[in-house]
Amino acid sequence: MLAGKGFKQVFNVSGGIKAWKSKTAIGSQDLGMDLFNGKEAPLDILKTAYSLEQGLRDFYLTLEKTAGNQKVKDLFLKLSDIEVKHQRSIFTAYHRISGLEISQDEFESRVETSALEGGLTTREYLDLFKPDLDSEKQVISLAMSIEAQALDMYQRVSARIPNPESKAIVLKIADEEKAHLASLGKLMDSL
Amino acid sequence: MKWMQFLTPAKSLDYKETEAYIAEHPSDSVTLLDVRQPSEYQESHIPGAVLIPLPELTDRLGELDPEKPTLVY
């Protein structure tokens, strides 16, 4: 149908979702949309993205305290460090675009953390995936599910943002989530 | 000309090819189109997929960019 309507390149994904073996996302098209109203300026987008990374970092650090296995504890610390790097990259963009002389700590104190990446809360993720917190593989699997959910949310958000600069920022973050998902996949394969 | 839409074959990509295609292209350069029903999408979908259920597709084609490669499932 699409090919006959002027679409230049159309591909059927053979086997559809049943054949898809990588992480999937869940929820309606509106999940997590309450975090973005679509009218945000670039700086607002960066603040929200920063707070989502912060939420995920806190989540990993909380789980690190409850994990009994040292390897899993180390893994949670590694995952939280990755979020710190994401936050640093978001802050750098904020600093560059705003031109404000502001420290990262000061910036951090201005953002509110209400949900994790992907728009679900800590409890919702744990209830949904019920990971064995003593298993490295299950912890990575949980992290991959969260990244898949985040990638999905940022791509849905990008479609609703008319401001080209804000849209470009969201798409850049989405691509970072995609790369993060791929690196977690490699980490999983190495175990 | 109207018959074109029924006759133009679309290439198929298997799971591995689809995954590689998505990984190799920036998020904004490809459309992943989910044409199933909303309840199926809600249960599980490929991250980044746009939902337009098949019965609505003809009326909502304007929401998609025909210049972008479109992967449909």
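Refer to the structure above for everything that follows.
Residues numbered from 1 in each chain as written. Chains lettered and ligands numbered in written order. Predicted model: local features only at pLDDT ≥ 70, side-chain atom pairs only at ≥ 80, totals over all residues. Heavy atoms only, no water.

A. How the structure looks around the overall build of chain A. Secondary structure assignment for chain A yields seven helices and one strand. Moving toward the C terminus, one meets the helices and strands of chain A in the order β-α-α-α-α-α-α-α. Taking 2.2 N^0.38 as the reference for a compact globule, 191 residues should give roughly 16 Å; the C-alpha atoms of chain A span a radius of gyration of 18 Å, in line with that estimate. Each of the three principal axes of chain A carries a C-alpha extent, and together these read 60 × 50 × 25 Å. Per-residue burial over chain A gives 49% buried out of 191 residues. Contacts in chain A between residues far apart in sequence, at least 24 positions, make up 74% of those at least 6 positions apart. Here chain A displays about 9100 Å² of accessible surface, and carbon together with sulfur accounts for 52% of that area. Taken as two groups, the 25 positive and 28 negative side-chain charges of chain A have centres that lie 7 Å from each other. (Helix = DSSP H or I, 4+ residues; strand = E, 2+ residues; numbered from the N terminus. Rg over C-alpha atoms; globule rule 2.2 N^0.38 Å. Buried < 20%, exposed > 50% of the residue type's maximum accessible area, 1.4 Å probe, protein only. Contact = heavy atoms within 4.5 Å. Areas by Shrake-Rupley, 256 points an atom, 1.4 Å probe, with all protein chains shown as cover. Lys, Arg positive; Asp, Glu negative; His and termini not counted. Charge placed at Lys NZ, Arg CZ, Asp CG, Glu CD.)

B. Highlighting the overall build of chain B. Across its full length, chain B holds four helices and four strands. The secondary structure elements of chain B, listed N-terminal to C-terminal, are α-β-α-β-α-β-α-β. The proportion of buried residues among the 73 residues of chain B is 42%. Contacts in chain B between residues at least 24 apart in sequence constitute 45% of all its contacts with a sequence separation of at least 6. Accessible surface, chain B as shown: approximately 4200 Å² in total, 58% of it carbon and sulfur.

C. The interface of chain A and chain B, seen in detail. With 36 residues of chain A at the contact, the number on the chain B side is 44 residues. Surface buried jointly by chain A and chain B totals about 3700 Å² across both partners, of which 60% is contributed by carbon and sulfur atoms. Counting the contacts that link chain A with chain B gives one salt bridge. Across the pair glutamate 67 of chain B and lysine 8 of chain A runs a salt bridge whose closest N-O atoms are separated by 2.8 Å. The tally of links from chain A across to chain B stands at 21 residue pairs in polar contact (both at pLDDT 80 or more). When residues of the side of chain A that touches chain B are traced back to their parent elements, those giving at least two are strand S1 (10-13), helix H1 (16-19), helix H6 (136-159) and helix H7 (164-190) of chain A. Per-element accounting of the side of chain A that touches chain B gives the leading share, five residues, to H6 of chain A. Considered class by class, the residues forming the side of chain A that touches chain B number 16 nonpolar, 12 polar and eight charged. (Buried area = accessible area lost by both parts, 1.4 Å probe. Salt bridge = Lys/Arg side-chain N within 4 Å of Asp/Glu carboxyl O. Polar contact = N/O pair within 3.5 Å; in protein donor to acceptor, adjacent residues only side chain to side chain. Nonpolar A, V, L, I, M, F, W, Y, C, P; charged D, E, K, R; others polar.)

D. Representation of the nonpolar core within the structure. Within the largest apolar cluster, 48 residues are counted, with the highest numbers of intra-cluster contacts made by Phe36, Phe59, Tyr60, Phe76, Leu79, Met153 and Tyr154 of chain A. Looking at this core, the elements that each hand over two or more residues are helix H2 (42-66), helix H3 (70-98), helix H5 (122-129), H6 and H7 of chain A. Those residues in contact with tyrosine 60 of chain A that sit more than four places away from it in its chain are Phe76, Leu79, Ser80, Glu83, Ala143 and Ile146 of chain A. With 14 residues, the next largest nonpolar core counts Tyr15, Tyr21, Val30 and Ile46 of chain B among its residues. (Core = buried A, V, L, I, M, F, W, Y, C linked by side-chain atoms within 4.5 Å.)

E. Seen up close, the pattern of salt bridges. According to the stated counting rule, one finds 12 salt bridges over all chains in the structure shown. A salt bridge links arginine 110 of chain A to glutamate 106 of chain A, with the nearest nitrogen and oxygen atoms 3.4 Å apart. Separated by four residues within a single helix, arginine 110 of chain A and glutamate 106 of chain A lie in helix H4 (residues 104-110), roughly one turn from each other. For arginine 110 of chain A, a relative accessible area of 44% puts it in the partly exposed group. Bridged by salt links that share partners, the residues Glu56, Arg60 and Glu63 of chain B form one connected network.

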